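Close look at the chain arrangement
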Protein chains: 2
Amino acid sequence: MTVSSLDVVGLGNAIVDVIAHAEESFLEQRGLNKGAMTLIDAEQAETLYAAMGPGIEASGGSAANTMAGIASLGGQPAFFGKVSDDQLGAVFAHDIRSIGVVFDGTPADDAAPTGRCLVLVTPDAQRTMQTFLGAAAQLGPDDIEENTVRAAQYVYLEGYLWDPPAAKQAFIKAAEIAHDAGRKVALSLSDPFCVDRHRAEFRDLVDGHIDVLFANEEEIKSLYETQNFDAALQQVRGKCEIAALTRSEKGSVVVAGDEVHVIDPAAVDKVVDTTGAGDLYAAGFLYGLTHGYGLAQAGKIAGICAAEVITHMGARPEVSLQELVKSKVG
Amino acid sequence: MTVSSLDVVGLGNAIVDVIAHAEESFLEQRGLNKGAMTLIDAEQAETLYAAMGPGIEASGGSAANTMAGIASLGGQPAFFGKVSDDQLGAVFAHDIRSIGVVFDGTPADDAAPTGRCLVLVTPDAQRTMQTFLGAAAQLGPDDIEENTVRAAQYVYLEGYLWDPPAAKQAFIKAAEIAHDAGRKVALSLSDPFCVDRHRAEFRDLVDGHIDVLFANEEEIKSLYETQNFDAALQQVRGKCEIAALTRSEKGSVVVAGDEVHVIDPAAVDKVVDTTGAGDLYAAGFLYGLTHGYGLAQAGKIAGICAAEVITHMGARPEVSLQELVKSKVG
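My aim in this report is to walk through the structure given alongside it, one point at a time. On a predicted model such as this, the values are computed, not experimentally measured, just so you know. (Residues numbered from 1 in each chain as written. Chains lettered and ligands numbered in written order. Predicted model: local features only at pLDDT ≥ 70, side-chain atom pairs only at ≥ 80, totals over all residues.)

Thoughts on the overall build of chain A
So the rule is basically this: Counting from the N terminus, the helices are DSSP H or I runs at least four residues long and the strands are E runs at least two residues long. Here the globule rule reads 2.2 Å times residues to the power 0.38, and the radius of gyration is calculated from C-alpha atoms. For every residue, the other C-beta atoms within 10 Å of its own C-beta are counted; 20 or more classify it as buried, 12 or fewer as exposed, and values in between as partly exposed. C-beta atoms are placed from the backbone. In this description, a residue-residue contact is defined by the distance between C-beta atoms placed from the backbone, which must lie within 7 Å.
When its secondary structure is counted, chain A shows 13 helices and 13 strands. Taken over the C-alpha trace, chain A has a radius of gyration of 18 Å; the compact-globule value for 330 residues is 20 Å, and the two agree within 12%. Summarising its shape, the C-alpha atoms of chain A cover approximately 50 × 40 × 40 Å along the three principal directions. Of all 330 residues assigned to chain A, the portion counted as buried reaches 56%. Across chain A, the fraction of contacts at a sequence separation of at least 24, relative to all contacts at a separation of at least 6, is 76%.

So, in structure tokens, the structure goes:
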């Protein structure tokens, strides 16, 4: 990558989503963990794919969705992630570049195919995700280009990276480069079960190693093992510079030391598929932070972006977020 | 295939759609033929794909969409079409089988990848299609299983098959088997430019070799080289047993000898993407014909199916058409 200045560089699992409708009973019969992201192996992926209904394929991956959102807002993002030299890898690379994200990842040259996430959308618009990481799990420290990280105001890391060991090393390397260069580090907790898997390490990260934390209500409650949102809020306050906590239809709360903003949700006509809501919230918020907006305004932009992505299938914006935000915020 | 009785067996290009939003200016700059399907080669497909925005991938192909619609209505369809042994071929096979269409096509074993159609949806919801046929063009007479055709009440042929020479031979073979077995043959004219390419042969087909014809207003006017819908209607009347002529927001007209039905369109809240409207009209109509409905009722069911598919991106139904039709027709 040859970039002189970037707003945000994201690190994440490079995934193509396979999105299909499913009844509640389909999840129950298979013991799937509704609303969560579960890692599965190639064989499980094949079995589930055979059982599920017709789907649509769309580029996904949590941090990649966030970078796509920043590009749609008119920002300058880059992305590190690993795809294979196959059709879905070409789809992933096309989609992320065509929306304006800098993505140079050389395809993995061994056998693992491009990662995919089988997304089952139930009639209540909730999404349940089963991920086969494939090539995404091969992201490692060697894939992190120092100059790119140094060129970005923020490095953005998805908690999911803590699952594959090499990706975790890439995560740590990127965070160290960023802090050495006087840049900021942002983290998304990704998923309450991901927090379950890595609670102690995530708590340590949040306490002094992260500048901006993104978490939804379930994730932050899981991190501090409490059933009470406010209790979790009090715990996280002061640990990182900024925590942006999302609460679905209740909006979000942004905490930064003494500053606390309770932000109403943006209006939504009809929720179709909640996939990508958190990813796009992070996109709006990071865009706001890197473009001179205050915390309340950044939270408002974030809510508008999240509201757009839940009105349709798929985890990336279908309209120009730059124009959408301009029409609502000015 | 081991099937004892089928409603309809479809023959068509097996295609995965890559659907993206595009501005009018994008089409103009590239001289793309708005609203039409244009065949492109591998190199053109690569160039256009690189220039277009992020997309979603969804199984498509005109006749394949129609068979998917019949399955969604609760009918018994099968499909003949050619995919490659690659990821998009697996996606195509999964989607069509998982909705309930019998599909046994052995993947093509040479180098052509699974065919794809780059669909550009403009802000007015019109779709402009550029198709790289790939493996689809390798469908030939050897792929047509006589027993399957004999088992189906109708064989349904898309006009697009007239483009690749081997597929045209497959088309003719299937039609001959069907008629020898006392079955019916239905044809969709597919596209006004497809009619331009094959006008004389299509006129000959329609005049005595086809039982049911599907055409939209532009196609039937192109077939008879007239600017007047009613003039085209008078021309086609009596040539084939039934002609179902669709007119977008004006509904459709069904002509069968002395019988003529002018059918109002189904209500649509908001048109998002017109891809698949004609395909799903044909699905509803053929379902009606094979399930004891009269022509007017079959046309009404057809309109309901077409109305569903244009309210979202992609050319296959997102809801159970069986339940939708039950709620509207009873």
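Focus on the environment of T246(B)
Residue and element names in this part refer to chain B. Tracing the chain through its elements places T246 in strand β11 (residues 242-246). Classification of T246 by C-beta neighbours within 10 Å gives buried; the count is 27. With residues near it in sequence (within four places) discarded, T246 still touches N216, S252, G278 and Y281.

Quick notes on the relation of the copies chain B and chain A
Here the two chain copies are tied together by a rotation about an axis and a shift along that axis. Our working rule: For the least-squares superposition of copies, only C-alpha atoms count, and only for residues with pLDDT at least 70 in both.
Placing chain B over chain A gives an RMSD of 0.0 Å and needs a rotation angle of 180°, together with 0.1 Å of translation along the axis. The symmetry that links the two subunits is that of a two-fold axis. Nearest to the rotation axis, the C-alpha of E57(B) is located 2.3 Å from it, this being the minimum over chain B. Taken as a fraction of all interface residues of chain B, those also at the interface in chain A reach 100%, which identifies the copy contact as same-surface.

Concerning the packing of helix α12 (residues 295-309) of chain B against helix α13 (residues 321-329) of chain B
All names here are of chain B. Going by this rule: Comment: axis = line fitted to C-alpha atoms, over the contacting stretch for helices; angle = value between 0 and 180 degrees taken between N-to-C directions. These descriptions rest on fixed angle ranges, namely under 35 degrees for roughly parallel, over 145 for roughly antiparallel, 65 to 115 for roughly perpendicular, and the rest for oblique. Throughout, a crossing is termed right-handed when the near helix is turned clockwise from the far one, and left-handed when it is turned anticlockwise from it by less than a right angle. Residue type decides the class: Asp, Glu, Lys and Arg count as charged, Ala, Val, Leu, Ile, Met, Phe, Trp, Tyr, Cys and Pro as nonpolar, and the leftover types, Gly among them, as polar.
At their nearest, the axes of α12 and α13 sit 10 Å apart, and the two run at 125° to each other. When the axes of α12 and α13 are compared, the pair comes out oblique. Once α12 is placed against α13, the crossing between them reads as right-handed. Where α12 approaches α13, its residues K300, I301, I304, C305 and E308 are matched on the opposing element by L321, L324, V325, K328 and V329. When its residues are assigned to classes, the contact of α12 with α13 shows 7 nonpolar, no polar and 3 charged.

Describing the interface of chain B and chain A
Interfaces are often sized by the accessible area lost when the parts come together. Facing the 21 residues of chain B at the interface are 21 residues of chain A. If you list the elements that add at least two residues to the side of chain B that touches chain A, you get β4 (56-60) and α4 (87-98) of chain B. No other element matches α4(B), which puts 6 residues into the side of chain B that touches chain A. Tallied by class, the residues present in the side of chain B that touches chain A amount to 8 nonpolar, 8 polar and 5 charged.

Description of the sheet that holds strand β5 (residues 77-80) of chain A
All names here are of chain A. Threshold: One requirement defines pairing of two strands: DSSP has to find at least two bridges between them.
Spatially, 8 strands are ordered β5-β1-β8-β9-β10-β11-β12-β13 in an open sheet, and the strand pairing comes out mixed. The open sheet terminates on both sides in strands that have one partner only, identified here as β5 and β13 (259-263). Here the average twist between neighbouring strands, direction ignored, is 15°. Examined bridge by bridge, strand β10 (residues 212-216) and strand β11 (residues 242-246) share 5 bridges and lie parallel to one another. Bridged to V212 within β11 is I242.

Taken by themselves, the reported measurements are silent on function.
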